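Now for the letters of each chain:
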Amino acid sequence: MSTPIPASGDPSGSMAAHGSRLDPHLARYAARTHGMTASEIRALFSVASRPEVVSLAGGMPNIAALPMDVVAATVAEMLSKRGHVALQYGSGQGDPILREQICEIVGLQGVHPHPDDVVVTVGSQMALDLVTRIFCDPGDVILAEAPSYVGALGVFRAYQVDVEHVAMDEHGLMPEALREALAMLAKQGRAPKFLYTIPSFHNPAGVSQPAERRAEILQICQNAGVLVIEDDPYGLLGFDGQIPQAMRAQDADGVIYLGSFSKTFAAGIRVGWAVAPHGVREKLTLAAEAAVLCPPAYSQLTISTYLSTQPWMDQVKAFREVYRERRDATLESLEQHMPEGTSWTKPDGGFYVWLTLPPGMDATAMLPRAITARVAYVPGTAFYMNGEGRRSIRLSYCFPEPDRIREGVRRLAGVLEEELELIATFGTAIGAPGTHGAGAPETTAPGPEVM
Ligand code: PMP
């Protein structure tokens, strides 16, 4: 692990003009691909997937908690009753029955759209892509939390959008920081195309906006004429069973709400949705048709059959328990093992804890040493567009068994102790065996299992 991993392609550099032996098409790529680079940590994660490594990096839902016999019976029933529809092209906007069911689900969060306002997508990731595609030209600016969801940053990068990060505290996005960001952009003569926010059980920060804060943020955005993109894949996964009211419940015209079945049913089914004001819905549908013709009918009808034949809310409750147990194991072992000066968020739902390391530490440079110590995490830099986040770490507790989580946190604490000793002795841990050094490239796309 001591050899630095080389940064991938350099389309803007000298090779771009001529191609390279590895990729003779290098000179042909569109400018929008310049930000599309595989992350340096991607290669490390191929090592992290070895069984001896406890991976607290992956954001994969805990599918083991889903009864496969029930899924198999649902698919069989779906095929026998609606097979001819499931295996055919469908509507670009999505199956009408599923859109009605989605309206019932979002009703739990105070959102009461007409099924016409719903666009079904290939996971909410595609909804993020479509929203950015219809609103943003290259060079446009959007606002997003600091830190923000790595998959959304990948989309923004792909559309050459500038991201202005807005600070968070333990209650999520800070209204004051939002006001400041808006004032700063106004001074530059720039208007953000939208605010992208994850108000409930944030990825990666593990925090949630209380109701009053949601209202204040909405008010600020309404006053400034800023559209809000509310990304909410974890809203039903609160550990106390309370379901937060969506921002969209307060403002049907100014908020586009994104949801997903990835965390409440199965990520592999790849079904998500957007609830959008009428005109936006039309543009989203046209953009979706251009991208995929229609979302997969097979997946949509499977989830639709599951929702109408199974006690799906009981399964959501089972998922909540699975994740609550793992959150508890994470927080208990952090409390037990972490060196002084380390702090972390206390999530009430979702998959993630955000760690802030003691001063002088560098989570990106430390990752190879952590993997050598058989524990993996995602360094904070992956969640910023501007290179910040070096002193931060995202830990995902969604996938490993609680005992593995405890062991992983114990190993991580050992790595931190060693780093602190290096810092105490040499003034810095950079330059110690196995580091990338201070000039390590920024992380970009770490791969789907990690997001
Ligand atoms: N938004 C957030 C905040 C996420 O964490 C994820 C998945 N990790 C997604 C969107 C995308 O989810 P999917 O495409 O599976 O619905």
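Residues numbered from 1 in each chain as written. Predicted model: local features only at pLDDT ≥ 70, side-chain atom pairs only at ≥ 80, totals over all residues.

**As for the overall build of the protein chain**
As a reminder, the rule being used: Put simply, DSSP H or I for four residues or longer makes a helix, DSSP E for two residues or longer makes a strand, and each gets a number counted from the N terminus. Counting other C-beta atoms within 10 Å of a residue's C-beta gives its exposure: the residue is buried at 20 or more, exposed at 12 or fewer, and partly exposed in between, where C-beta atoms are placed from the backbone. For the purpose of contact definition, each residue receives a C-beta atom placed from its backbone, and two residues are in contact when these atoms lie within 7 Å.
Each helix and strand in the protein chain was counted, giving 13 helices and 14 strands. In terms of overall dimensions, the protein chain has C-alpha extents of about 65 × 50 × 50 Å along its principal axes. Looking at the 451 residues of the protein chain, the share that counts as buried comes to 46%. Pairs at least 24 residues apart make up 76% of the contacts formed inside the protein chain by residues separated by at least 6 positions.

**So, helix α4 (residues 96-107)**
How we decide: Multiplying 1.5 Å by the residue count of a helix minus one yields the expected span of that helix. The directions considered for the arc run from the helix axis to the C-beta atoms.
Between its first and last C-alpha atoms α4 spans 17 Å; for twelve residues at 1.5 Å apiece the expected length is 16 Å, and the two agree. Taken together, the buried positions of α4 are L98, R99, I102 and V106. An end-on view of α4 places all buried positions within 100° of arc, on one side of the element. Exposed residues pointing more than 90 degrees away from the buried face of α4 are listed as E104 and G107. In this fold, the buried residues of α4 make contact with β2 (118-121), β8 (255-260), β9 (272-275) and α10 (297-309).

**Quick word on the sheet that holds strand β11 (residues 352-356)**
Across a sheet, strands are paired by hydrogen bonds formed along the backbone, either parallel or antiparallel in direction. Heads up, the rule is: We call two strands paired when DSSP finds no fewer than two bridges between them.
Strand order in the open sheet formed by four strands is β10-β11-β14-β13, with antiparallel pairing between adjacent strands. The sheet is open, and its two edges are formed by β10 (343-344) and β13 (378-379), each paired on a single side. Sheet topology places β10 next to β11; two bridges connect them, and they run antiparallel. Bridge assignment links W344 to a residue of β11, and that residue is L355.

**Thoughts on helix α13 (residues 402-426)**
Here α13 contains 25 residues, and its C-alpha end-to-end distance of 36 Å stays within 8% of the 36 Å for a straight helix at 1.5 Å per residue. For α13, the full list of buried residues reads I405, G408, V409, L412, L416 and E419. Residues of α13 that are buried in the fold lie against β1 (54-55), α11 (312-337), α12 (363-372) and β12 (375-376).

**A look at the environment of P400**
By secondary structure assignment, the location of P400 is in the loop between β14 (392-396) and α13. Residue P400 is classed as buried on the basis of its C-beta count, with 20 C-beta atoms lying within 10 Å. Sequence separation between P400 and G58 is 342 residues; the distance between their C-alpha atoms is 9.4 Å. If we skip the residues at most four places from it in the chain, P400 touches V54, S55, I405 and G408.

**Quick word on the domain arrangement of the protein chain**
Our working definition: For the domains described, the bounds stem from an automatic or database domain assignment. Residue polarity follows a fixed list, in which Ala, Val, Leu, Ile, Met, Phe, Trp, Tyr, Cys and Pro are nonpolar, Asp, Glu, Lys and Arg are charged, and the others, Gly among them, are polar.
What the domain assignment lists for the protein chain is domain 1 (40-65 + 315-426) and domain 2 (68-309). Just the C-alpha atoms count here: the centres of domain 1 and domain 2 sit 26 Å apart. Listed as interface residues are 27 residues of domain 1 and, on the opposing side, 27 residues of domain 2. Of all elements in the fold, only α11 and β11 reach the threshold of two or more residues within the side of domain 1 that touches domain 2. It is α11 that contributes the most residues to the side of domain 1 that touches domain 2, six residues altogether. Looking at the side of domain 1 that touches domain 2 residue by residue, the class counts come to 14 nonpolar, seven polar and six charged.

**Details of the packing of helix α3 (residues 68-86) against α10**
This is how it is decided: Every axis corresponds to a line fitted to the C-alpha atoms, with the helix fit spanning only the stretch in contact, and the corresponding angles, defined between N-to-C directions, vary from 0 to 180 degrees. If an angle is under 35 degrees, it is roughly parallel; if it is over 145, roughly antiparallel; if it lies from 65 to 115, roughly perpendicular; otherwise it is oblique. Left-handed is the label given to a crossing in which the near helix is rotated counterclockwise from the far helix by less than a right angle, and right-handed is the label when the rotation is clockwise.
Axis separation between α3 and α10 bottoms out at 9 Å; the angle between their running directions is 130°. One way to sum up the angle between α3 and α10 is to call them oblique. When you trace α3 past α10, the crossing you get is right-handed. Here α3 contributes T74, V75, E77, M78, R82, V85 and A86 to the contact with α10, which in turn contributes A297, Y298, L301, T302, T305, Y306 and T309. When its residues are assigned to classes, the contact of α3 with α10 shows eight nonpolar, four polar and two charged.

**Overview of the site of the ligand**
Which entries qualify depends on this criterion: In this entry, near means the residue's backbone-placed C-beta atom lies within 6 Å of the molecule or strand.
Every one of the 15 residues lining the ligand counts as a neighbour, but G123, S124, Q125, S260 and S262 are closest to it. With three residues, helix α5 (residues 123-135) is the single largest residue contributor to the shell around the ligand. Per-class residue counts for the shell around the ligand are five nonpolar, nine polar and one charged.

**Section: the packing of α5 against helix α6 (residues 150-158)**
Following both chains from N to C, one finds α5 and α6 inclined at 30°, their axes separated by 10 Å at the closest point. For the element pair α5 / α6, the angle class is roughly parallel. Handedness of the crossing formed by α5 with α6: right-handed. Across the interface between the two elements, Q125, L128, D129 and T132 of α5 pack against G151, A152, V155 and F156 of α6. Residues belonging to the contact of α5 with α6 are distributed by class as follows: four nonpolar, three polar and one charged.

**Section: the sheet that holds β2**
An order of β2-β9-β8-β7-β6-β3-β4-β5 is seen for the eight strands of this open sheet, with the pairing classed as mixed. Of all strands in the sheet, those bounded by a partner on one side alone are β2 and β5 (172-173).

**Observations regarding unusual backbone geometry**
Following A146, the chain continues into P147 via a peptide bond in cis, with omega recorded as 5°. Positionally, P147 belongs in the loop between β3 (141-146) and α6. Residue P204 is reached from N203 by a cis peptide bond, and omega for that bond is 15°. Relative to the helices and strands, P204 is located in the loop between β6 (194-197) and α8 (211-224). Positive phi values are uncommon outside glycine, yet R374 reaches one of about 65°. With respect to the secondary-structure elements, R374 resides in the loop between α12 and β12. A residue is classified by how many C-beta atoms lie within 10 Å of it, and R374, with 19 of them, is partly exposed.

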